[in-house]
Amino acid sequence: MGADAEAGMRAAGAGGGAAGGGAVPGAEAVVYEDTGAYQDGNALAGPLSEVFGVDVTRAAVRCTACGLAGPLPGLRVYAHAPGAVARCPGCEHVVLRLVLGNGTAWLDLRGTVGLRVPLA
Amino acid sequence: MGIVSPGFHGRRRQGDVKLPPGQYLTDDFPVLSAGPTPRVGQDEWEFVVTTETGERHRWSWREFLALPSETPTVDIHCVTKWSKLGTTWTGVSLDTLLADVETTADYALARSYGGYTTNLPLEDLLDGRAWLAYRFDGEDLHPEHGGPVRLLVPHLYFWKSAKWVHGLDLLTQDEPGFWETAGYHDYGDPWLEQRYQGD
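Model, not experiment: these values are computed from the prediction.

What counts as what
Residues numbered from 1 in each chain as written. Chains lettered and ligands numbered in written order. Predicted model: local features only at pLDDT ≥ 70, side-chain atom pairs only at ≥ 80, totals over all residues. Heavy atoms only, no water. Pairing = 2+ DSSP bridges. Helix = DSSP H or I, 4+ residues; strand = E, 2+ residues; numbered from the N terminus. Axes fitted to C-alpha atoms, helices over the stretch in contact; angles between N-to-C directions. Core = buried A, V, L, I, M, F, W, Y, C linked by side-chain atoms within 4.5 Å. Buried < 20%, exposed > 50% of the residue type's maximum accessible area, 1.4 Å probe, protein only. Contact = heavy atoms within 4.5 Å.

1. Describing the sheet that holds strand β8 (residues 117-121) of chain B
Residue and element names in this part refer to chain B.
For step 1, the next point in the chain: Taken together, the 5 strands give an open sheet; going across it, the order is β4-β3-β12-β7-β8, and neighbouring strands pair in mixed fashion. Both outer strands of the open sheet, β4 (56-60) and β8, are each paired with one neighbouring strand and no more. Pairwise comparison of adjacent strand axes, ignoring direction, gives a mean angle of 15 degrees for this sheet.
For step 2, the next point in the chain: With 6 bridges joining them, strand β7 (residues 107-112) and strand β12 (residues 165-171) adopt antiparallel strand pairing. Bridge pairing in β12 places Arg111 opposite Gly167.

2. Examining the nonpolar core
For step 1, the next point in the chain: If you look at the biggest cluster of nonpolar residues, it comprises 46 residues, and the most contacted ones within it are Phe64, Leu125 and Trp179 of chain B.
For step 2, the next point in the chain: Elements with a contribution of two residues or more to this core: β8 (94-101) of chain A together with β3 (46-50), α1 (61-65), α2 (94-98), β7, β9 (131-136) and β12 of chain B.
For step 3, the next point in the chain: In contact with Trp179 of chain B, other than residues within four places in its own chain, are Ala81, Pro82, Gly83, Val85, Arg97 and Val99 of chain A together with Ala34, Tyr116, Trp159 and Tyr184 of chain B.
For step 4, the next point in the chain: In this structure, Val56, Cys63, Leu75 and Leu100 of chain A belong to the second largest nonpolar core, which totals 17 residues.

3. Let's talk about unusual backbone geometry
For step 1, the next point in the chain: Going from Gly147 of chain B to Pro148 of chain B, the amide bond is cis rather than trans, its omega being 15 degrees.
For step 2, the next point in the chain: Despite not being glycine, Asn102 of chain A shows a phi value in the positive range, around 55 degrees.
For step 3, the next point in the chain: Of note, Asn102 of chain A is situated in the loop between β8 and β9 (104-108).
For step 4, the next point in the chain: Overall, the relative accessible area of 53% leaves Asn102 of chain A in the exposed class.

4. What to know about the pairing of strand β6 (residues 82-93) of chain B
Residue and element names in this part refer to chain B.
For step 1, the next point in the chain: A large share of β6 lies buried, amounting to 9 of its 12 residues.
For step 2, the next point in the chain: By the bridge criterion, 2 bridges tie strand β1 (residues 24-25) to β6 in an arrangement that is parallel. Residue pairing for β6: Tyr24 is matched across the bridge by Trp82.
For step 3, the next point in the chain: As paired elements, strand β5 (residues 73-77) and β6 share 4 bridges and run antiparallel to each other. Directly across from Ile76, in β6, lies its bridge partner Lys84.
For step 4, the next point in the chain: Count of turn residues in the β5/β6 antiparallel hairpin: 4 residues, of which Lys81 carries a positive phi of about 95 degrees.
For step 5, the next point in the chain: Two strands pair when backbone bridges link them, and β6 and β9 are joined in this way by 5 bridges, in the antiparallel orientation. Looking across to β9, one finds that Gly91 is bridged to Ala133.

5. Considering the sheet that holds strand β10 (residues 112-116) of chain A
Residues and elements named next belong to chain A.
For step 1, the next point in the chain: Here we have 3 strands laid out as an open sheet, ordered β5-β4-β10, and antiparallel in their pairing. Taken across any chain shown, the strands that pair with only one partner, and hence form the sheet edges, are β5 (69-71) and β10. Each neighbouring strand pair of the sheet contributes to a mean axis angle of 20 degrees, computed without reference to strand direction.
For step 2, the next point in the chain: Sheet topology places strand β4 (residues 60-63) next to β5; 3 bridges connect them, and they run antiparallel. Paired with Arg62 across the two strands is Ala69, which belongs to β5.

6. What to know about the pairing of β9 of chain A
All names here are of chain A.
For step 1, the next point in the chain: Two elements, β8 and β9, share 5 bridges in a ladder whose sense is antiparallel. Bridge pairing in β9 places Leu98 opposite Leu107.
For step 2, the next point in the chain: Hairpin connection, β8 to β9: the antiparallel pair is bridged by 2 residues, and Asn102 has positive phi, about 55 degrees.

This is the structure:
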């Protein structure tokens, strides 16, 4: 996945994160360079199946920022980081974060309206 | 599992080099990023300190460069286990930037272009221990490494040294940032191996 830097340039809103209240920095439009440094959502299949016990690559998510809905494999997963950060392909909002360490999984799903998981 | 248990395997520690526990030495400068790279031009960059009363102090790029700079050489330690020794930066000390800021805050939340945040005790930004760095190894700081300006707090794990820094909120109560709300340690002292909550 990923495009070259020029083709990947686009304007987008602030890319989510854990920003709480307070002042403005981060709330303005930001131009991003798409370095292609992400994988598709299938990269989450292993660790998420450990957490949920089901194959979540068949799950659907809906971004809380822009409302874009789609299958979990459509997310952009940045894994060269202290944890996995899955972003909306439409607006770069953080949909899901997963950190594994010390025998514990921290899963943050605040960026998705829900997670629809087929059970059969 | 590999995607969320990153490890950069450089040379193992040399006998005469003292590293924090669990760290490996590397000569590279790995690029870690939780998202796409914000491109912030120097002409549009600004740094904004917002106190607990809402008072704002703002520096444009030109005003920032007019401040006295320092050239610290420091060791840096990433929570993904690589350490890089003797890195040389050019930047402005937070002591300089905060000298005329009146505050009773005990905490700071660094905010970056792109939405990243990280929290620190305010005292960890003072007394010559933190900078806003705009050059690395004699060159302008590349966007991959946080340019045009990143926070540099080398005595804490490197996730505290926010790339693409845009501002600081000074707070009377601690407010966990991006990684601190996802399982990482609130403080992050590499010598105490404070990687995750509970360490």
